[in-house]
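Survey of secondary and tertiary structure
Read off the chains here:
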Amino acid sequence: MKIPFVDLHIQYEQHKQEIDAALQRVIEKTAFVGGNNNPFVKEFEEKFAEYCGAAFCASCGNGTDSLEILLKCFGIGEGDEVIVPALTWISTSESVSTVGATPVFVDAHPDFYTIDPKKIEEKITPRTKAIMPVHLYGLPAPMDEIMDIAKAHNLIVIEDAAQAHGALYKGKRVGTIGHAGSFSFFPGKNLGAYGDAGGIVTNDSAVAEKFRMIANHGQIKKHDHRMEGRNSRMDGIHAAVLSTKLPHLEPWTQKRIERVELYNQLLKETPVVLPTAPDDVRHVYHLYVVQVENRDAVYAKMREKDIEVLIHYPNALPFLLPYKEKHRSEDFPVAHTLTQKILSLPLYPEITDDQIRYVVSSLIEAIS
Ligand SMILES: *Cc1c(COP(=O)(O)O)cnc(C)c1O
């Protein structure tokens, strides 16, 4: 049995009529590009802000741009440092470097894999301007601790919520706890467009306004350029797809959680280390990441069986080529150890019981 890591096609089949109709509306109106009052983009921004319980949502071309534009909104650049987790996708640190600042890595928490709040303060210097926690794999980062540190040191908090649409931290949607939250709507994310797309939520009108300006050539209206910005706009087609999908996000998230419960139940008597979450949060399981011994051999055996397992991520960021000169593995012992053991199993709302049972029996065979 071939098991894909995610299957976006099932979702399209199940909602084909409403998605095709939405695409058709955009084409009929030729409302292709965001930025200048595109009705589809505006509609999605309003709906997503409401879903998150934020005052504003502003969209852009992708979730890496949204981090970068946010950093610019807060005036972060040359000479500044931004604290980021060691274990995350490269966008988190890349955006910091692109604006001219320096990413400063903090090790992962051994149980939750998100940034370890106890290791943040030792990395703060007079140059530190912001902390960028990541709600990794769909699990909210420890925001209370992070906000306390930020207040004590007068730092901006930008939440990278690219993997955590709809996750809750003590009843609040992620993205609304810090100064702003950044989302990716890459097709494979929990809420995905039909191509690259991104955006932010914030309760600060000045941040939302500046974000829109930067993302659309520094204009506040056509040909009224208040600054140099860039071209990073959400396309009408993506906005229409996202608005169509948004009402389904809650049921899809519920299904992800149920699917994970089945995985957990089937794996609980095995040596496989299962994901855990602190109390008071809702993990939305963008990824189902377990730990196994001899991970590379297990990975190969699963692949031989046509089960598309992946690794998020094979290297912690400090050890990647652009950063590794400055770092030693002893400085990030948790992230370093995790990257040798973690394995992401196939997960999407529509994955069946039989498919999960097959993944689990294959995994048990592979580890024994
Ligand atoms: C996906 C992702 C992003 C941004 O992704 P884009 O592909 O640029 O939309 C940023 N941070 C994390 C943690 C991500 O997983």
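Each remark here, short or long, concerns the structure printed above.
These figures come from a predicted structure and were not determined experimentally.

The next subject is the site of the ligand. All residues adjacent to the ligand are Asn-62, Gly-63, Thr-64, Thr-88, Trp-89, Ser-91, Val-134, Asp-160, Ala-162, Gln-163, Ser-184 and Lys-189. The contact in question runs from a nitrogen atom of the ligand to an N or O atom on the side chain of Asp-160, over 2.7 Å. Interatomic distance of 2.8 Å between a side-chain N/O atom of Gln-163 and an oxygen atom of the ligand. Residue composition of the shell around the ligand, grouped by class: 3 nonpolar, 7 polar and 2 charged.

Before going further, it helps to examine the nonpolar core. Ranked by internal contacts, the top residues of the largest apolar core, which has 70 residues, are Leu-87, Tyr-263, Tyr-288, Leu-343, Leu-345 and Leu-363. Setting aside its immediate chain neighbours within four residues, Tyr-288 contacts Val-260, Tyr-263, Asn-264, Leu-267, Leu-274, Pro-275, Leu-343, Ser-344, Leu-345 and Leu-347. Counting 29 residues, the second largest nonpolar core, distinct from the first, contains Ala-22, Ala-164, Phe-183 and Leu-249.

Turning next to the pattern of salt bridges. When the charged atoms of two side chains with opposite charge come close together, those side chains can pair. Summed over the entire model, instances satisfying the criterion amount to 20 salt bridges. As a salt-bridge pair, Asp-224 and Arg-226 come within 2.9 Å of each other at their nearest N and O atoms. By relative accessible area, which is 18% here, Asp-224 ends up buried. A salt bridge links Lys-341 to Glu-293; the shortest N-O distance between them is 3.4 Å. Linking Lys-341 in helix 11 (residues 333-341) with Glu-293 in the loop between strand 13 (288-291) and helix 10 (295-304), this pair joins segments that are 48 residues apart in sequence. Note on Lys-341: relative accessible area 23%, which makes it partly exposed. Among the ionic contacts, a cluster of salt bridges with common partners joins Asp-65, Glu-68 and Arg-230.

A cis amide bond links His-312 to the next residue, Tyr-313, at an omega of 15°. Within the secondary structure, Tyr-313 is located in the loop between helix 10 and helix 11. Not every positive phi belongs to a glycine, and His-223 is a case in point at roughly 70°.

The next subject is the state of the cysteines. Counted according to the given criterion, the structure contains 0 disulfides. Of the cysteine sulfurs around Cys-57, a residue in no disulfide, the closest is that of Cys-52, at 7.3 Å. Cys-60 provides the cysteine sulfur closest to Cys-73, a residue in no disulfide bond, and the two sulfurs are 10 Å apart.

A cluster of nonpolar side chains, contributed by Ile-27, Phe-32 and Val-33, occupies part of the molecular surface with about 250 Å² of accessible area. Take Phe-32: it is sitting in the loop between helix 2 (16-29) and helix 3 (39-52). On the basis of relative accessibility, which here comes to 40%, the residue Phe-32 falls in the partly exposed class.

This brings us to empty space enclosed by the protein. On inspection of all chains with the given rule, the structure shows 2 cavities of 30 Å³ or more. In this structure, the largest cavity encloses a volume near 110 Å³. Together, 15 residues line the largest cavity, and Leu-8, Gln-11, Lys-189, Arg-256 and Pro-349 are the ones closest to its centre. Of the residues contributing to the lining of the largest cavity, the split by class is 6 nonpolar, 4 polar and 5 charged. One number sums up the size of the second largest cavity: a volume of about 70 Å³. Forming the boundary of the second largest cavity are Asp-111, Phe-112, Tyr-113, Tyr-137, Leu-139, Pro-275, Thr-276, His-283, Leu-287 and Val-289.

Calculation criteria
Residues numbered from 1 in each chain as written. Predicted model: local features only at pLDDT ≥ 70, side-chain atom pairs only at ≥ 80, totals over all residues. Heavy atoms only, no water. Near = heavy atom within 4 Å. Polar contact = N/O pair within 3.5 Å; in protein donor to acceptor, adjacent residues only side chain to side chain. Nonpolar A, V, L, I, M, F, W, Y, C, P; charged D, E, K, R; others polar. Core = buried A, V, L, I, M, F, W, Y, C linked by side-chain atoms within 4.5 Å. Buried < 20%, exposed > 50% of the residue type's maximum accessible area, 1.4 Å probe, protein only. Contact = heavy atoms within 4.5 Å. Salt bridge = Lys/Arg side-chain N within 4 Å of Asp/Glu carboxyl O. Helix = DSSP H or I, 4+ residues; strand = E, 2+ residues; numbered from the N terminus. Disulfide = S-S within 2.5 Å. Patch = residues over 30% accessible without salt bridge, like charges linked within 9 Å, V, L, I, M, F, W, Y side chains within 5 Å. Areas by Shrake-Rupley, 256 points an atom, 1.4 Å probe, with all protein chains shown as cover. 1 Å grid on protein atoms, 1.4 Å probe; cavity = no way out; pocket = protein on both sides within 12 Å on 5 of 7 lines; lining within 4 Å. Points joined across faces, edges and corners; volume = space filled by probe spheres on them.

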